[in-house]
Amino acid sequence: MSEIRRVPHCSHWGAYTILLKDEQIVGVEPFEHDPAPSPIIHSIAEWAKPERRVLQPMVRSGWLEKRENSDRRKRGQEKFVAVSWDEASTLVADEIRRVSGTFGNASIFAGSYGWTNSGRLHHASSLLKRMLNLVGGFTRHVDTYSIAAGPVILRHTLGSTEACDGQSNTLDTIAGHTETLVVFGALSPRTAQSEAGGIGSHRLETYLRKIVARGIKIIHVSPLKDDMPDWVDAEWWPIRPNTDTALMLGLAGEIVKAGRHDKDFLGRCTSGSDRLLRYLDGASDGTPKDAAWAAAICGLDAGKIGELATRLVDTRSMLTVSWSLQRAHHGEQPFWAALGLASVIGQIGLPGGGVGYGYASLGGVGAPFNIGKSPGMSQLTKQIDSFIPVARISDMLLNPGAEFTYEGQTHVYPDTRLVYWAGGNPYHHHQDINRLSEAWTRPETIIVQDPMFTATAQRADIVLPATTSIERNDLAGNKRSDLILAMKQAINPVGDSLPDFDIFNLIAGKLGVADRFNEGRDEMGWVRYLYDVSRKDALEQFGFEMPAFDEFWETGYARCPVKADHTFLADFRETPEKFPLKTESGKIVLGSEMLAGLNYDDCRSHPAWIEPAEWLGNSDDPAELHLITHQPAGRLHSQLETGASSRAMKRNGREQAQLNPDDAHAREIVDGQTIRIWNTRGACLATAQVTHSLRRGVVILPTGAWFTPRGDDGLEVAGNPNVLTLDVGTSQFGQGCSAHTCLVKVEPHIADQRDAFEEYQNQLAALVAV
């Protein structure tokens, strides 16, 4: 009888050991040092199944015949032709040469957004940019779909993004010192399962239980009660979506009205506070921002808002703001308004006081953070400075040569001829997919490199099959993790797939730059080198000794130097002149001279309530509901969508949409029924989940269902919410995505008997033999 082989590995949702028998995955064990492992780890065997994998290099038949002159509207319709790796890599290299030579390198867009895998060597986005920087450069994106408007405004008002990158007050400090905790959005282990670059130890639940044990007063502000665990004794404030800014400003206005704002802190540590104070007391626009004003906008109780304003000053208070709040129209404002409220309270820089962003938005935010050098592949020297804000892809493709603004500067969209997307799925994460589908017809050539035959890969001209992380060697680690983790190869590559490094090295060879791309190292040579760089930095900078590589690789993990019990801006609070911030004034900016000069109507010179394009407060149709798209419990985005933990969250083969019982009753919808969710941008099907855990007027639909439009009428049958969402920038300043600003209608649907999984497989089979 064969023995069980044990292989340590790591993914975005945690570290684990893969159990193999006769080279087949037979189980997964959580990492021994993880107190709250994610159930998603048990779905990784899905990667070994060939049904949705890209098994060999493929080229769309029309493009193979006519190249850049092909009918681009046939993407997703014409069959693919299998080719060898030699032919595929030659086609890709020739296209890069053609476009760069004819139109310039700015016409090459390196899409490759983010979550491809947690490995630091085979990080497809970094490798693509490394290769293209060796042949003249590319157009890149800045910021992320997860968080864009927030860091843009914080760079201007705090001088860095540390407060939303995991370096605000650590949760151990909050658990030890905070007396009043106001949670705007989520603070849930559900959203903290994953971390970019992998995570070894999920600690949020541990800290939450300490917070509960200390009896800290928790106010939870969210349309969804389940954004906090049910065992946390939080007072739920079911706010109207997209109105958190008004609540923050109303709380600040109440404090100012009572004369209890911290004048000393505002004077020493902030600039432009007079602009904010004049707005709060109504001197600038005639409308005082107080509890009654906020209550009318937010749908909350004015008396409770007034009581909370008093408590925030009387006790050590901490504000946490989820990343999700800034994924909305005018998403800069809740981040800036929270900073304004915390400044008015005056506890920034005190243990357990102030404001922080992104707790539980990723698993490592709030945990002790790595102060050493995280492993990562260099993208080499940037050759050209051509970029777009990450969520403006459709705008770029539809409007070449048009102007756009970002952080106060005016730029021009490039004339994109070639899109190379490695390790990402915009047909999952981009807003208004039907608009994206039109934009997708504009480039002459689209290359997609991915393990899976996603909707994006279906709509490519050249598809390159990459291995998943379990088919290669790598290592995981990041700034928000206290560990570097070995990612050992568990199974042989599926089909003819290759590791991302090997694919780019092959293409780099055709471009004549392989020696500079690989620097003489193979896969294990790079894994060893990246680890040794981090190990050397830890010893030289912090006197922290990490094990030698061979010991690390055998053990499966190594600890890194970390900072715990951290209070954000403590030194700055004590002596702001000695520790100035990198802002226009060296202080926290509450009134911006730069924004005053720009005079934008959608991002003013101080935190402000600005009505979003779509919200319940300006809807004339009582049938409309506000759609919120959140991270599902059973997968990360669209990854492992067919895995067991993802399927467990679905019903009838579709995503479940949560509805309040009153809204369901008014529409004659019962629990478990198929429903149609629609607006002028598109329509999708889902299964109704009727629950008291969300406020009236709201519908919740998770992200990540694989885009499956029905051929006859285009109805999306799997429950992909981005056929509905609004594709506009948060403001002229930040240009982030506005996915959470979205009104829809919901109605019962005559049961569609076709299973969404089977429908997707049928569509794939029409393009390629599976």
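Details of the structure are given in the entry above.
In this text, all values refer to a predicted model and were calculated from it rather than measured experimentally. (Residues numbered from 1 in each chain as written. Predicted model: local features only at pLDDT ≥ 70, side-chain atom pairs only at ≥ 80, totals over all residues. Heavy atoms only, no water.)

Is there a simple way to think about the overall build of the chain in this case?
What the chain contains, in helices and strands, is 26 helices and 31 strands. In terms of overall size, the chain behaves like a compact globule, its C-alpha atoms giving a radius of gyration of 26 Å where 770 residues would be expected to give roughly 27 Å. On the principal axes, the C-alpha backbone points of the chain span a range of 75 × 65 × 60 Å. Residue burial in the chain is summarised as follows: out of 770 residues, 64% are buried. The long-range fraction of contacts in the chain, counting pairs at least 24 apart against all pairs at least 6 apart in sequence, stands at 75%. Here the chain has roughly 26,600 Å² of accessible surface; of this, 47% comes from carbon and sulfur atoms. Side chains of the chain carry 77 positive and 95 negative charges; the gap between the two charge centres is 1 Å. (Helix = DSSP H or I, 4+ residues; strand = E, 2+ residues; numbered from the N terminus. Rg over C-alpha atoms; globule rule 2.2 N^0.38 Å. Buried < 20%, exposed > 50% of the residue type's maximum accessible area, 1.4 Å probe, protein only. Contact = heavy atoms within 4.5 Å. Areas by Shrake-Rupley, 256 points an atom, 1.4 Å probe, with all protein chains shown as cover. Lys, Arg positive; Asp, Glu negative; His and termini not counted. Charge placed at Lys NZ, Arg CZ, Asp CG, Glu CD.)

Explain the nonpolar core here, please?
Generally speaking, nonpolar side chains in soluble globular proteins are found buried as a group. Ranked by size, the top nonpolar core spans 147 residues in total, and within it Leu247, Tyr357, Ile588 and Ile677 carry the most contacts. With 51 residues, the next largest nonpolar core counts Val92, Leu464, Leu475 and Tyr531 among its residues. (Core = buried A, V, L, I, M, F, W, Y, C linked by side-chain atoms within 4.5 Å.)

Quick question: what am I supposed to make of the pairing of strand β16 (residues 403-406) here?
Remark: a regular strand shows side chains that alternate across the two faces of the sheet. Bridging between β16 and strand β17 (residues 409-412) involves 4 bridges; their strand directions are antiparallel. Counterpart to Thr405 in the pairing with β17 is Thr410. The loop that links β16 with its antiparallel partner β17 comprises 2 residues; one of these, Glu407, has a positive phi angle of about 50°. (Pairing = 2+ DSSP bridges.)

What's the story with the side chain of Arg53 in this structure? I'm lost.
With respect to the helices and strands, the residue Arg53 is situated in the loop between β3 (24-30) and β4 (58-60). The exposure class assigned to Arg53 is buried, which follows from its relative accessible area of 2%. Looking at Arg53, its side chain comes within polar contact range of the side chain of Glu471, at 2.9 Å. Those residues in contact with Arg53, other than ones at most four positions away along the chain, are Trp47, Pro451, Met452, Phe453, Ala466, Thr467, Thr468, Glu471, Val494 and Ser497. (Polar contact = N/O pair within 3.5 Å; in protein donor to acceptor, adjacent residues only side chain to side chain.)

What's the story with the pairing of strand β31 (residues 743-748) in this structure? I'm lost.
Here strand β26 (residues 625-628) pairs with β31 via 2 bridges, running antiparallel. For His626, the partnering residue across the bridge sits in β31 and is Leu743. As paired strands, strand β28 (residues 674-679) and β31 are joined by 4 bridges and run antiparallel to one another. In the strand pairing of β31, Ile675 is matched with Pro748.

Hey, could you run me through helix α12 (residues 302-314) in this one?
An α-helical turn contains 3.6 residues, so any two residues separated by three or four positions project in the same direction. If you check α12, its first and last C-alpha atoms are 19 Å apart, about what 13 residues at 1.5 Å a residue would give, namely 18 Å. Within α12, the full set of buried residues consists of Ile305, Gly306, Leu308, Ala309 and Leu312. Down the axis of α12, the sector holding all buried residues measures 160°, keeping them to one side. Put simply, Asp301 is the residue that caps the front of α12, since its side-chain oxygen is 3.0 Å from the backbone nitrogen of Gly303. (Expected span 1.5 Å × (residues − 1). Arc of directions from axis to C-beta.)

Help me out: how do you make sense of the pattern of salt bridges in this one?
Across all of its chains, the model carries 52 salt bridges by this definition. One salt bridge connects Lys257 with Glu254, and the closest N-O pair in it is separated by 3.1 Å. Of this pair, Lys257 and Glu254 both sit in helix α8 (residues 244-257), separated by 3 residues, roughly a single helical turn. Classification of Lys257 as exposed rests on a relative accessible area of 55%. What you see here is one network of salt bridges that share partners, running through Glu68, Glu95, Arg98, Asp415, Arg417 and Glu444. (Salt bridge = Lys/Arg side-chain N within 4 Å of Asp/Glu carboxyl O.)

Would you mind going over unusual backbone geometry with me for this structure?
Excluding glycine, most residues fall at negative phi; most peptide bonds, likewise, are trans. Even without being glycine, His330 reaches a positive phi, approximately 65°. Note on placement: His330 falls in the loop between β12 (317-321) and α13 (332-345). The phi angle at Asp565 is positive, at roughly 50°, despite the residue not being glycine. On the basis of relative accessible area, Asp565 is assigned to the exposed category, the value being 51%.

Would you explain the packing of helix α11 (residues 291-298) against α12 in this entry?
Two quantities define a packed helix pair, namely the angle between the axes and the distance from one axis to the other. Close contact between α11 and α12 brings their axes to 8 Å; oriented N to C, the two are set at 125°. It follows from the interaxial angle that α11 and α12 lie oblique. Remark: the crossing between α11 and α12 carries right-handed chirality. When α11 is examined against α12, the residues Ala291, Ala292, Ala294 and Ala295 are found in contact with a partner set consisting of Ala302, Ile305 and Gly306. Residues of the contact of α11 with α12, tallied by class, amount to 6 nonpolar, 1 polar and no charged. (Axes fitted to C-alpha atoms, helices over the stretch in contact; angles between N-to-C directions. Parallel < 35°, antiparallel > 145°, perpendicular 65-115°, else oblique. Left-handed = near helix turned anticlockwise from the far one by under 90°. Nonpolar A, V, L, I, M, F, W, Y, C, P; charged D, E, K, R; others polar.)

Sorry if this is basic, but what is going on with the packing of aromatic side chains here?
We describe a pair of aromatic rings using the distance from one ring centre to the other and the angle between the two ring planes. What the rule picks out here adds up to 21 aromatic pairs. On the numbers, 5.8 Å between centres and 35° between planes, the contact of Tyr420 with Phe504 is tilted. With Tyr420 in strand β18 (residues 418-422) and Phe504 in helix α18 (residues 500-510), this pair connects stretches of sequence that are 84 residues apart. Taking relative accessible area as the criterion, Tyr420 reaches 0% and is therefore assigned buried. (Phe/Tyr/Trp six-rings, centres within 6.5 Å; stacked < 30°, edge-to-face > 60°.)

Just checking my understanding: could you explain the sheet that holds β31 for this structure?
Sheet strands line up and pair through hydrogen bonds in the backbone, either parallel or antiparallel. Strand order in the closed barrel made by the 6 strands is β26-β30-β27-β29-β28-β31, with mixed pairing throughout. Across the sheet, the axes of successive neighbouring strands diverge by a mean angle of 45°, strand direction being ignored. Bridge count between β26 and strand β30 (residues 698-700): 3 bridges; the pairing is parallel. Note on β30: the bridge partner recorded for Leu627 is Val699.

When you look at the environment of Val768 in this model, what are you seeing that I'm missing?
You can see Val768 is positioned in the segment after α26 (756-767). Along the sequence, Val768 and Thr441 sit 327 residues apart, while their C-alpha atoms lie 21 Å from each other. Filtering out sequence-adjacent residues up to four positions away, Val768 remains in contact with Met58 and Phe453.

Explain the sheet that holds strand β10 (residues 235-237) to me, please; I cannot follow it from the model alone.
Overall, parallel pairing links the 5 strands, which are arranged β10-β9-β8-β12-β13 in an open sheet. Only two strands of the sheet have a single neighbouring strand rather than two, namely β10 and β13 (354-357). When strand polarity is set aside, the average angle formed by the axes of neighbouring strands in this sheet is 20°. As judged from the 3 bridges shared by strand β9 (residues 217-221) and β10, these two strands associate in the parallel manner. Across the sheet, residue His220 finds its bridge partner in β10, namely Trp236. Each of β8 (180-184), β9, β10 and β12 is contacted by α8, which is oriented at about 150° to β8, the strand it contacts most. Running over the sheet, α12 touches β8, β9, β10 and β12 and is turned about 125° from β8.

How should the environment of His637 be read in this particular structure?
Tracing the backbone shows His637 in the loop between β26 and α24 (644-647). Overall, His637 belongs to the buried group, its relative accessible area being 18%. Distance in space between the C-alpha atoms of His637 and Ile384 is 31 Å, their sequence separation being 253 residues. Within polar-contact distance, the side chain of His637 engages the side chain of Gln631 at 3.2 Å.

Functional significance is not addressed by these values, which are geometric in nature.
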